[in-house]
Amino acid sequence: MRISPAELFPGYTFESNEIRIPIAALTGLTAAEANATTGNGMEILRQIVDRSHFALAALVPAARPTKATVAKPNPSIASGTNVAPGTLRQSYTLNFDLQPTSLELASEPTI
């Protein structure tokens with residue numbers, strides 16, 4: 001099913017060719033992390049993906065998109081070089097069905 005940006009991000013707006021997602025829509029993101037010059041771009045990205053997963057999971061299964069999905073398995077203990085002991089790693093799986101000719105998102109059925 002097609003889902004609007006405002007369904008994913010409360011307070012979402014589009015104006016003057018800019019999309020805007022209020023910080024309040026990204027639970028856990030601070031103003032310092034969102035700062036354009038000193039913030040943390042990767043935390044913003046993580047919050048957008050996490051919020052997308054949360055919003056989609058809250059929908060009844062029949063209302064969820066099928067051509068674009070976000071899965072969030074349980075976190076695991078991270079390991080490897082330069083990983084602090086006890087660090088958790090959260091992975092996500094994003095899938096997008098694309099039209100082979102235009103590489104645009106495949107159309108969802110309308111309700």
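What this report covers is the structure whose coordinates are included nearby.

About the thresholds
Residues numbered from 1 in each chain as written. Predicted model: local features only at pLDDT ≥ 70, side-chain atom pairs only at ≥ 80, totals over all residues. Heavy atoms only, no water. Buried < 20%, exposed > 50% of the residue type's maximum accessible area, 1.4 Å probe, protein only. Helix = DSSP H or I, 4+ residues; strand = E, 2+ residues; numbered from the N terminus. Pairing = 2+ DSSP bridges. Contact = heavy atoms within 4.5 Å. 1 Å grid on protein atoms, 1.4 Å probe; cavity = no way out; pocket = protein on both sides within 12 Å on 5 of 7 lines; lining within 4 Å. Points joined across faces, edges and corners; volume = space filled by probe spheres on them. Nonpolar A, V, L, I, M, F, W, Y, C, P; charged D, E, K, R; others polar. Core = buried A, V, L, I, M, F, W, Y, C linked by side-chain atoms within 4.5 Å. Salt bridge = Lys/Arg side-chain N within 4 Å of Asp/Glu carboxyl O. Lys, Arg positive; Asp, Glu negative; His and termini not counted. Polar contact = N/O pair within 3.5 Å; in protein donor to acceptor, adjacent residues only side chain to side chain.

With that settled, the discussion passes to the pairing of strand β3 (residues 68-71). Side-chain positions along a regular strand alternate between the two faces of the sheet. With burial as the criterion, only one face of β3 is covered, namely that bearing A68 and V70; the residues T69 and A71 on the opposite face remain uncovered. Sheet analysis places β3 next to strand β6 (residues 93-96), joined by 4 bridges and oriented antiparallel. From the neighbouring strand, A68 faces β6, where its bridge partner is F96.

Among the structural elements, I21 can be located in the loop between β2 (18-20) and α2 (31-34). On the accessibility criterion, I21 (26% relative accessible area) is partly exposed. In this structure, the C-alpha to C-alpha distance between I21 and T87, residues 66 residues apart in sequence, is 29 Å. In this view, I21 contacts F9, Y12 and L26; residues no more than four positions away in its chain are not counted.

Size it by volume and the largest pocket reaches roughly 430 Å³. Those elements giving two or more residues to the lining of the largest pocket turn out to be α1 (5-8), α3 (41-58), β3 and β6. Top contributing element to the lining of the largest pocket by residue count: α3, with 4 residues. Across the lining of the largest pocket, the residue classes tally to 15 nonpolar, 3 polar and 2 charged.

Glancing now at the nonpolar core. Counting 11 residues, the largest nonpolar core consists of I3, L8, F9, A25, L26, L29, V49, A55, L56, V70 and Y92. Among the elements that make up this core, the one with the highest residue count is α3 (3 residues). Leaving out residues up to four positions away in the same chain, I3 has contacts with L8, L56, L59 and P65.

The next thing to look at is the pattern of salt bridges. Within the structure shown, the criterion is met by 3 salt bridges. Between E18 and R20 there is a salt bridge, and its shortest N-O distance comes to 2.7 Å. Since its relative accessible area comes to 40%, E18 is described here as partly exposed. Among the ionic pairs, D50 bridges to K72, the shortest N-O distance being 2.7 Å. Of the two residues, D50 is situated in helix α3 and K72 in the loop between β3 and β4 (76-77); the sequence distance between them amounts to 22 residues. In this structure K72 comes out as partly exposed when scored by relative accessible area, which is 34%.

Considering the arrangement of structural elements, one finds E108 in the segment after β6. K67 provides the closest opposite charge to the buried, salt-bridge-free E108, at an N-O distance of 6.4 Å. Separated by 2.7 Å, the side chain of E108 and the backbone nitrogen of M1 make a polar contact. There is a polar contact of 2.6 Å between the side chain of E108 and the backbone nitrogen of K67.

Note that every value here comes from positions in space, so none of it alone points to a role or purpose.
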